[in-house]
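Commentary on secondary and tertiary structure
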There are 2 protein chains.
Amino acid sequence: MGDVLQAFWRYERALMANDLVELDALFAPGPDTLRGDAAGILVGHDAISDFRRGRGGAPLREILHVEVREVSDDAALVIAVTAPRTGGRGQQTQLWRRIDGDWKVTAAHVSLPVPAIDSRIWRAAGAPLVPPSGEGPLAGESVAVKDLFAVGGYAVGAGNPVWLAEASVESANATAVQQLLDHGASVAGIAQTDEFAYSIAGQNSHYGTPPSPAVVGGLPGGSTSGPASAVALGQASIGLGTDTGGSIRVPASYQGLWGLRTTHGAVSAEGLLPLAPTFDTVGWLTRNAASLKGAAGASLREHAAAGDFVVAPDLLEHATPDVRAAFTAAVGEHERIDIGDASELLYIFRSVQAAEAWATHGAWVSAHPGALGPDVAGRFAAAALVTAEQESSARLRLAEARARLDEVLGDRVLLLPSASSIAPSAVTDAATVEATRQGTMRLTSVAGITGRPALSVPLLSVPQSGALLPAPVGLCLVGPRHSEIALIALGEQLLESSSRS
Amino acid sequence: MGDVLQAFWRYERALMANDLVELDALFAPGPDTLRGDAAGILVGHDAISDFRRGRGGAPLREILHVEVREVSDDAALVIAVTAPRTGGRGQQTQLWRRIDGDWKVTAAHVSLPVPAIDSRIWRAAGAPLVPPSGEGPLAGESVAVKDLFAVGGYAVGAGNPVWLAEASVESANATAVQQLLDHGASVAGIAQTDEFAYSIAGQNSHYGTPPSPAVVGGLPGGSTSGPASAVALGQASIGLGTDTGGSIRVPASYQGLWGLRTTHGAVSAEGLLPLAPTFDTVGWLTRNAASLKGAAGASLREHAAAGDFVVAPDLLEHATPDVRAAFTAAVGEHERIDIGDASELLYIFRSVQAAEAWATHGAWVSAHPGALGPDVAGRFAAAALVTAEQESSARLRLAEARARLDEVLGDRVLLLPSASSIAPSAVTDAATVEATRQGTMRLTSVAGITGRPALSVPLLSVPQSGALLPAPVGLCLVGPRHSEIALIALGEQLLESSSRS
């Protein structure tokens, strides 16, 4: 078996040199080749090759030990103990097979040591970071707090290190944090956000892109990106976030979580760094309905019923064909309503959001050139250009649109996809990310315009290439104001009947 | 290959039921069977069986997907995507082989999702938790602070949750913390300690036993257990700890790290929760000499030279035969000195340590029955029995022993093993842990009695059964007071000449 070891060492040298041609050559061609690590399993030679091209080199390491388990003349399992330069130990398990005379890796499983905290997800974490302040139904729940809420003893970082360095330490918890603590939850930590929550992608050029366990190499969705990844990965049970234009619904959709945007004004924004107060809402991301009911029950006072389901066929045109197909197959027939021109809703929403975002943060942004990542900087630059006239015109149209939508919707529950697509790849170009954003925000702006609550239920899925499992998409329920608890019950019923069929 | 899938599902059911007999039957017998996870690779059917018996059941999970890669009629690789109940995704790769007609696992590689922080290692961590307060040679270094030092904004926890709940938030950093920050290091987090630092095992009944990457399932060594594991695992580059009776040297020895106990009094104890002030010292654990020199350079003012190496053959009798053999083979011939009766040194050390520990913490311990884990509670109970007469007699003998040892040692450097054995298994019975402690503390008390600095260099190793790699043991250099920097240089020379030979 000496020749498989030779191939092993060739692979190791190529890995350390980031010799992509040699690495590609040493992995078996075709769709059956597998490579798994903590981020998930990539399927097929090409998906693995793309991954290598995107990462810019493997972490440097030494091989401490190699074990070979011969299976046949043409197959061997090679297990290596690795010592990364940065400390700790890793393991690599590879199934090598001789194909047309050459040894190739047909399956690989790689484990690396983990950092103290994943700083793409967390700014700080503890065991817990803040203990419960009361007893109640949230006992045992751990909260990932989006870094826009005050946590006593910490500054608010807002996803930007310059802001963080200038921010003063908060003396008390935000109301939305305190309500969870008072009902028995603990704070696991302070989790990352897109800068000033002004994005739905889930990228942060300072702290990195939080990983998503649902789509290997996919965007986590944002701006409540850190809490969403923390919950999806099992590092917290409740993500406390905000949703201005989709910042809870989109990460819930991308990562297969429950996500609730509450009725505008229903949860106090005290202690929360605002973005666009006309649309800013507080909400939660969880892995199951029970945790979501607990968080909502701890924080909401008013409760309304919800009526029948309706669908808006025009809205669906803004979803990708696969999402549209999954949605249509799942929801069945319901009364169709006309919500009007979705592009007009989006225009209104973005104009008022931009004007308020600039009013909130424009002075700071102007005083700190270069402090923002390019994507969010571009958005603030555009926001700076919204004139007072444009703003007041948009506010008039907002009032009209809200009145019209309220009339059309009544107490009924609008069903739609939570996002226009599955999570795009984290290495997608900016134009594609922006196109995805445009599609998704046409879907999300109905709740934004009306101030209605919107629940994303992890109910849809779409096959994805290069992966073993399909990618999740959320089914969104937009209900009448204060119908959050009713929406969760409806979401549970939908999920149950979907899993039965 | 349907029958290998049947065996796979039998294994899965047995795993979820913790059916140890069935699990043992489904893993191939003999010494070649392998099972690896984040804690390391276990070698041989029996080591794997012992591990299963010790853990009390695998985390509950669902199998989301199974891929089978047939290798031959009698061999298949089975790759599963797992969904633990607590969230996230895992991967399991198994090589199944048909042995005497039955399918058996011959190698397994298991990956589980990780928590936000490993609370066995950390109480809180950030990215960073505390940024540098200055620029200097420690730029880029991240510090795991033992939870005995004040960190501004946090209470000191001392390894005990009751103490932590009562402790008030510190307004400033301990001097030893501040010195590192001032020279450019950041604080990665606050790391766990054995309760009140009154142990060298590295166990904490409240927060768990920090894992050691050096010995699968082995004790990390204590009481600077959290910082040591953090550094060994690559989660920090400097562990800031204390060494009263071996609390830096022992974890350094067990985990293959550099560990420096400084000259008594050379680093300020301001902001440090004391245990036994006559012996308490501050020091550091690192993966390499450069980080250690940086930490020492930032914190020490006085510098002395170091003379020739000497050995004390009588001391070696307290080490296990394998450690003695490794030591003897590594250090070569040096002048032999007589350090006197090691048991007398240990008696003096433990008597004065116990009297001071009780003086420091006895009132709190008495007021909080049941608050301490059994091991440390037992030690405090024994400490309470030291009479004033015993204490003053021990203090007299301490002064005599110190004078005698200073005369024997002069400016020379005593070489000895840092611990009497490799890391014992974390599931070792209390009596074995205590016997190990007795042996090791005979070795460590020379530095304690004399207040001399002691450096543990990761230079020795001992083969261990059930593992692929040998277990580390430290080579300890006890030098004249204030010779820390000289000792590190000597340690580097020894390591270099050892790796050349």
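Residues numbered from 1 in each chain as written. Chains lettered and ligands numbered in written order. Predicted model: local features only at pLDDT ≥ 70, side-chain atom pairs only at ≥ 80, totals over all residues. Heavy atoms only, no water.

An unreviewed UniProt entry annotates chain A as Amidase originating from Antiquaquibacter oligotrophicus.

Some details on the relation of the copies chain B and chain A
Of the transformation placing chain B onto chain A, the axial shift is 0.0 Å and the rotation is 180 degrees, giving an RMSD of 0.1 Å. When the rotation and shift are considered jointly, the pair of chain copies conforms to a two-fold rotation axis. (Least-squares fit on C-alpha atoms with pLDDT ≥ 70 in both.)

Topic: the pairing of strand β4 (residues 75-84) of chain A
Residue and element names in this part refer to chain A. The buried fraction of β4 amounts to ten of the ten residues, a majority that puts the element mostly inside the structure. Residues Ala75, Leu77, Ile79, Val81 and Ala83 of β4 are buried on one face, and the alternating residues Ala76, Val78, Ala80, Thr82 and Pro84, pointing to the opposite face, are buried as well. Where strand β3 (residues 61-72) lies against β4, ten bridges are found, and the strand directions are antiparallel. Residue pairing in the sheet places Glu62 in a bridge with Ala83 of β4. Linking two consecutive strands that pair antiparallel, namely β3 and β4, is a turn of two residues. Here β4 folds back onto strand β5 (residues 90-99), and the loop between the two strands holds five residues, one of which, Gly87, carries a positive phi near 100 degrees. (Buried < 20%, exposed > 50% of the residue type's maximum accessible area, 1.4 Å probe, protein only. Helix = DSSP H or I, 4+ residues; strand = E, 2+ residues; numbered from the N terminus. Pairing = 2+ DSSP bridges.)

Section: the UniProt feature "domain: Amidase" (unreviewed entry) in chain A
On the UniProt side, "domain: Amidase" (unreviewed entry) is annotated at positions that read residues 135-293 of chain A here. Here residues 135-293 of chain A runs as 21% helix and 17% strand, with 16 Å between its end C-alpha atoms. (UniProt positions renumbered as here; feature names shortened; annotations may be inferred.)

Some thoughts on the sheet that holds strand β5 (residues 90-99) of chain B
Residue and element names in this part refer to chain B. Spatial strand order, β2-β1-β6-β5-β4-β3: six strands in an open sheet with mixed pairing. Both outer strands of the open sheet, β2 (40-43) and β3 (61-72), are each paired with one neighbouring strand and no more. Sheet twist, expressed as the average angle between the axes of neighbouring strands with direction ignored, equals 20 degrees. Where helix α1 (residues 2-17) meets the sheet, it contacts β3, β4 (75-84), β5 and β6 (102-111), and its direction lies at approximately 145 degrees from that of β3. On the sheet, helix α3 (residues 45-55) packs against β1 (34-37) and β2 and is oriented at approximately 45 degrees with respect to β1. (Axes fitted to C-alpha atoms, helices over the stretch in contact; angles between N-to-C directions. Contact = heavy atoms within 4.5 Å.)

Details of the interface of chain B and chain A
Between chain B and chain A, the contact holds 52 residues from the first and 52 residues from the second. Summing the contributions of chain B and of chain A, the shared interface buries around 4,100 Å²; its carbon and sulfur component is 63%. Contact with chain A buries surface across chain B, with Arg69, His109 and Ala116 of chain B losing the most and accounting together for 14% of the total. Counting the contacts that link chain B with chain A gives zero salt bridges. For the side of chain B that touches chain A, the secondary-structure elements that each account for two or more residues are β1, β3, β4, β5, β6 and β7 (122-130) of chain B. The leading source of residues in the side of chain B that touches chain A is β7 of chain B, at eight residues. Per-class residue counts for the side of chain B that touches chain A are 29 nonpolar, 14 polar and nine charged. (Buried area = accessible area lost by both parts, 1.4 Å probe. Salt bridge = Lys/Arg side-chain N within 4 Å of Asp/Glu carboxyl O. Nonpolar A, V, L, I, M, F, W, Y, C, P; charged D, E, K, R; others polar.)

Here we look at a negative patch on the surface
All names here are of chain A. Together, Asp314, Glu317, Asp338 and Asp341 make up a negatively charged patch on the protein surface. You can see Asp341 is positioned in the loop between β14 (335-336) and α11 (342-367). With relative accessibility at 48%, the residue Asp341 sits in the partly exposed group. (Patch = residues over 30% accessible without salt bridge, like charges linked within 9 Å, V, L, I, M, F, W, Y side chains within 5 Å. Areas by Shrake-Rupley, 256 points an atom, 1.4 Å probe, with all protein chains shown as cover. Lys, Arg positive; Asp, Glu negative; His and termini not counted. Charge placed at Lys NZ, Arg CZ, Asp CG, Glu CD.)

Brief notes about the nonpolar core
Core analysis: the biggest nonpolar cluster contains 219 residues, and Trp284 and Leu477 of chain A together with Trp284 and Leu477 of chain B have the highest contact counts within it. With residues up to four places along the chain from it excluded, the contact list for Leu477 of chain A reads Phe309, Val413, Leu414, Leu415, Pro453, Ala454, Leu455, Val457, Leu487, Leu490, Gly491 and Leu494 of chain A. Counting residues in hydrophobic clusters, the runner-up holds 36 residues, among them Ala116 and Ala144 of chain A together with Ala228 and Ala230 of chain B. (Core = buried A, V, L, I, M, F, W, Y, C linked by side-chain atoms within 4.5 Å.)

Concerning helix α8 (residues 289-299) of chain B
Residue and element names in this part refer to chain B. Taken across its eleven residues, α8 has eight buried, putting it largely inside the fold. The complete set of buried residues in α8 reads Ala289, Ser291, Leu292, Gly294, Ala295, Ala296, Ala298 and Ser299. Residues of α8 that are buried sit in contact with α5 (175-182), β10 (238-243), β11 (258-261), β12 (281-286), β16 (454-462) and α15 (484-500). The backbone nitrogen of Ala290 lies 3.3 Å from a side-chain oxygen of the residue at the head of α8, namely Asn288. (Polar contact = N/O pair within 3.5 Å; in protein donor to acceptor, adjacent residues only side chain to side chain.)

Brief notes about the domain arrangement of chain A
Often, the extent of an interface is quoted as the loss of accessible area on bringing the components together. You can read the domains of chain A as domain 1 (2-111) and domain 2 (122-299). Once you take the C-alpha centre of each, domain 1 of chain A and domain 2 of chain A turn out to be 37 Å apart. (Domains from an automatic or database assignment.)

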